[in-house]
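# Chain and residue survey
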Amino acid sequence: MGGVHWYMAATYVGAVVGAGFASGQEALTFFVTYGAWGVIGILGAMVGFAAMGALNFALAQDMADGSYRRILEITCGRGWAKYYDIIITCFLLAGVGVMLAGAGSLVLQQWGLHPLVGILLTACVAGMSSHGGIKGVFWVNALLVPGILLSTVGLGIFGFTKLWPLLQNSGIQALWGTTPSPLVPNWWLAAIIYLAYNSMLGIAACIPLAAALPTGKSALWGGTMGGLTLGLLLLAGSIAVWGGGLAAIETPVPMARVATEAHSVIGSLYGIIIWSAMITTAATNLFAVTRRLGNKPRLITIGGLLVLALGLSLVGFTSLVGLLYPAFGYMGCLYVIQALAYFCRKWWPQIMGKVR
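Here's what I pulled together on the structure shown here. (Residues numbered from 1 in each chain as written. Predicted model: local features only at pLDDT ≥ 70, side-chain atom pairs only at ≥ 80, totals over all residues. Heavy atoms only, no water.)

A few words now on the packing of helix H4 (residues 37-63) against helix H10 (residues 216-244). The N-to-C vectors of H4 and H10 enclose an angle of 160°; their axes lie 7 Å apart at closest approach. Classified by the angle between their axes, H4 and H10 sit roughly antiparallel to one another. The handedness of the crossing between H4 and H10 is right-handed. (Axes fitted to C-alpha atoms, helices over the stretch in contact; angles between N-to-C directions. Helix = DSSP H or I, 4+ residues; strand = E, 2+ residues; numbered from the N terminus. Parallel < 35°, antiparallel > 145°, perpendicular 65-115°, else oblique. Left-handed = near helix turned anticlockwise from the far one by under 90°.)

Below you can see the structure in the form of structure tokens.
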């Protein structure tokens, strides 16, 4: 059973940790920018991820329904479900486009290759994984997520060794901040927006997988473990950026700069880690959209969706992240409130019964 827990947790992590997460841009934008308050925001987001993942996955497993549309109807009502269904499906596909664009930017920046090399390779791996069905998505996440986890924690420890002397001398002032984006002016609003758009995308992408789990307990603990892991990764990434100092924000990939500062070889290796994060998110999102459009991930469907994502990727990585993520976060805030309200009213006693 522990293996099933890990597969579900790894898939949840893989659905959320994409280019923005592994690059350090999300940590910088939504948490590091606010200094010490950002730590509180991270802890709040971690609890939110664990709760949303555990409750939604257990519900999906109990119903054995792999459609996130059906889960939305139950938690938010049919009227809202239609709205959320359209938004989530569009943004899941947009997420594939963001990952492809990020892969193109990464191979150009790190290795001087043409962006199409990264875009096409990522599209091929994501497409093959999705065509492999649930086992294919589980496999690619279980293979790649451990590397993302270990490298992020490692850079977090490296950043902490640099940050600790500053904390001893200056206290929490060592957790520097910068001017926040006008779209997210407050630390608490940033944490809510971050949780909202990531939980909508991550949970929707994982619903088909959660529905296939053998027991409600495995779904519950898989979501909890995945949510807590996401919070720890976010904290480690933020500490790495804080340890890198203000110079870290001068590059589009702060974590890569921190890794290169540790050692040039580590910097190159971390480029591969970021790429793997893009692949896990692209694969999980693509599978969820294909399942939404039909029961089986047909090649013609996967190919058509990848063509659309390829077209979107031409807009550019930075532009897509800067515009799509905050906008989707605001749209998702009401969803988080509605879902948690439903579970508090109807589902919590039954979930606890599954644990006993």
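We are not done yet, so read on.
Let's shift gears to the pattern of salt bridges. Pairing between side chains of opposite charge can happen when the charged atoms of each approach one another. Inspection of the entire model under this criterion finds four salt bridges. In this structure, Glu-73 and Arg-69 form a salt bridge, with 3.3 Å as the shortest nitrogen-oxygen distance. Of this pair, Glu-73 and Arg-69 both sit in helix H5 (residues 68-76), four residues apart, which is roughly one turn of that helix. Accessibility expressed as a relative area gives 19% for Glu-73, which makes it buried. Linking Arg-69 and Asp-85 is a salt bridge whose minimum nitrogen-to-oxygen distance equals 3.0 Å. Pair noted here: Arg-69 is in helix H5 and Asp-85 is in helix H6 (residues 78-111), with a separation of 16 residues, a long-range link. For Asp-85, a relative accessible area of 5% puts it in the buried group. (Salt bridge = Lys/Arg side-chain N within 4 Å of Asp/Glu carboxyl O. Buried < 20%, exposed > 50% of the residue type's maximum accessible area, 1.4 Å probe, protein only.)

Tracing the backbone shows Val-17 in the loop between helix H1 (2-16) and helix H2 (19-23). Expressed as a C-alpha distance, the spacing of Val-17 and Thr-280, which sit 263 residues apart in the sequence, is 7.9 Å. With residues up to four places along the chain from it excluded, the contact list for Val-17 reads Ile-148, Leu-230, Leu-233, Ala-277, Thr-280 and Thr-281. (Contact = heavy atoms within 4.5 Å.)

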